[in-house]
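Residues per chain are reported as follows:
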Amino acid sequence: MKQIKFPCYHGNVKNTIPITEVTLEQFIKGNKNPKKKIQEVFKQIEEATATGNLKLKSELKQNNLVFFNPCVQTDGKGRKYESVKNFTGLIPLDFDGLSKEMAVELKHHLFKDFKSCVSSWVSPSKFGTKALFRIPIVKSVEEFKSVGAGLGTIFEWYSGFDSSSITNPILPLFLSWDSDMLVRDFDESEEFDLRGYKLSLYEPFEGELPDSGSFSPEEINKVVETIKFYIDRIDGNAHPQCMSASCLAGSLSAYHGIDLLPILEQAIEENSYMSKDTAGYIRTARQMYERGLQNPQPLKTK
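What comes next is a walk through the structure. Remember, predicted model here, so these are calculated numbers, not experimental data.

1. Some remarks on the side chain of D178
Now for step 1: Secondary-structure assignment places D178 in the loop between β9 (173-174) and β10 (182-183).
Now for step 2: For D178, a relative accessible area of 10% gives the class buried.
Now for step 3: Leaving out residues up to four positions away in the same chain, D178 has contacts with N31, K32, K107, W121 and V122.

2. Focus on the packing of helix α9 (residues 261-270) against helix α10 (residues 278-293)
Two measures define how a pair of helices packs: the angle their axes make with one another and the distance between the axes.
Now for step 1: Here α9 crosses α10 at 155°, and the two axes come no closer than 10 Å. What the angle tells us is that α9 and α10 run roughly antiparallel. Between α9 and α10 the crossing geometry is right-handed. Counting all contacts with α9, which are made through L261, L264, E265, I268 and E269, the residues of α10 involved are T278, Y281, I282, A285, R286 and Y289.
Now for step 2: For the contact of α9 with α10, a count of residues per class yields seven nonpolar, one polar and three charged.

3. Section: the pattern of salt bridges
Now for step 1: Inspection of every chain in the model, using the stated rule, returns 11 salt bridges.
Now for step 2: Note that E40 is salt-bridged to K43, the shortest N-O span being 3.4 Å. Pair noted here: E40 and K43 are both in helix α2 (residues 36-50), with a separation of three residues, about one helical turn.
Now for step 3: For E40, a relative accessible area of 42% gives the class partly exposed.
Now for step 4: Looking at K43, the relative accessible area reads 44%, which means it is partly exposed.
Now for step 5: Put simply, K130 and D94 hold a salt bridge, and the shortest N to O gap is 3.0 Å. Placement of K130 in strand β8 (residues 129-134) and of D94 in strand β6 (residues 90-95) is noted, with a sequence separation of 36 residues between them. Here K130 matches D94 in class, with each residue buried.

Analysis parameters
Residues numbered from 1 in each chain as written. Predicted model: local features only at pLDDT ≥ 70, side-chain atom pairs only at ≥ 80, totals over all residues. Heavy atoms only, no water. Helix = DSSP H or I, 4+ residues; strand = E, 2+ residues; numbered from the N terminus. Buried < 20%, exposed > 50% of the residue type's maximum accessible area, 1.4 Å probe, protein only. Contact = heavy atoms within 4.5 Å. Axes fitted to C-alpha atoms, helices over the stretch in contact; angles between N-to-C directions. Parallel < 35°, antiparallel > 145°, perpendicular 65-115°, else oblique. Left-handed = near helix turned anticlockwise from the far one by under 90°. Nonpolar A, V, L, I, M, F, W, Y, C, P; charged D, E, K, R; others polar. Salt bridge = Lys/Arg side-chain N within 4 Å of Asp/Glu carboxyl O.

Shown next as structure tokens:
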């Protein structure tokens, strides 16, 4: 974690020149145990949120807190796309407008069910959840957005999800306070990589669906074997691959008029790598299978 660095700024989002760089380790320590003076500010932010005074909440943040750009390293001259020198392999997720109970539950869900989650925490207002996910170290803003599109296929239906956090690598991420912040060693996390998935799989289906009886037994068997192959081959970095295969299973099910969910779940249960959290993988698979059902697609063959 010490090797990952990114810029830190004074709280007003109009500030474009960083005051320093921080390591991921320093970022985590600062969010778990901020200075006493800042803790008092966070208590005021929580109260302002509870009373619906969003103007005061914004003023408290911008006048008292620092913010970060955890996705990038910049040239120190500005906070624009052209200022980006390198990417860090991190991407933030932001969920707001939740109940306090939902915020805590989501924090634990993200950390437990996604091995790409480096850290997750409850926001200072206590009505939101934030997280940092590990992604490949991309080379361009467009590539970053492509990975963000993959994340979007999963989280856009989550309550309170802010999609701007995964499409703009220079958005500010303000300091938080959660002494129970969940943290996974960066080197032990898995890269989330479903780049471009939203742009391809979720294109609206056009035309009429074929009659389910029009497919030969050989064609149906090919569909079944394809899904089993994508699950059977998983021996690491399981969640992104499981999600990808499950989306595909739903999409193929809708197009070919068959129910692949029992086959998908059985394949997961029989996969030795996923046996350490079979219930979690199946839960994820069902969610993504439902997404795929909304976008029928035929099996693509060479």
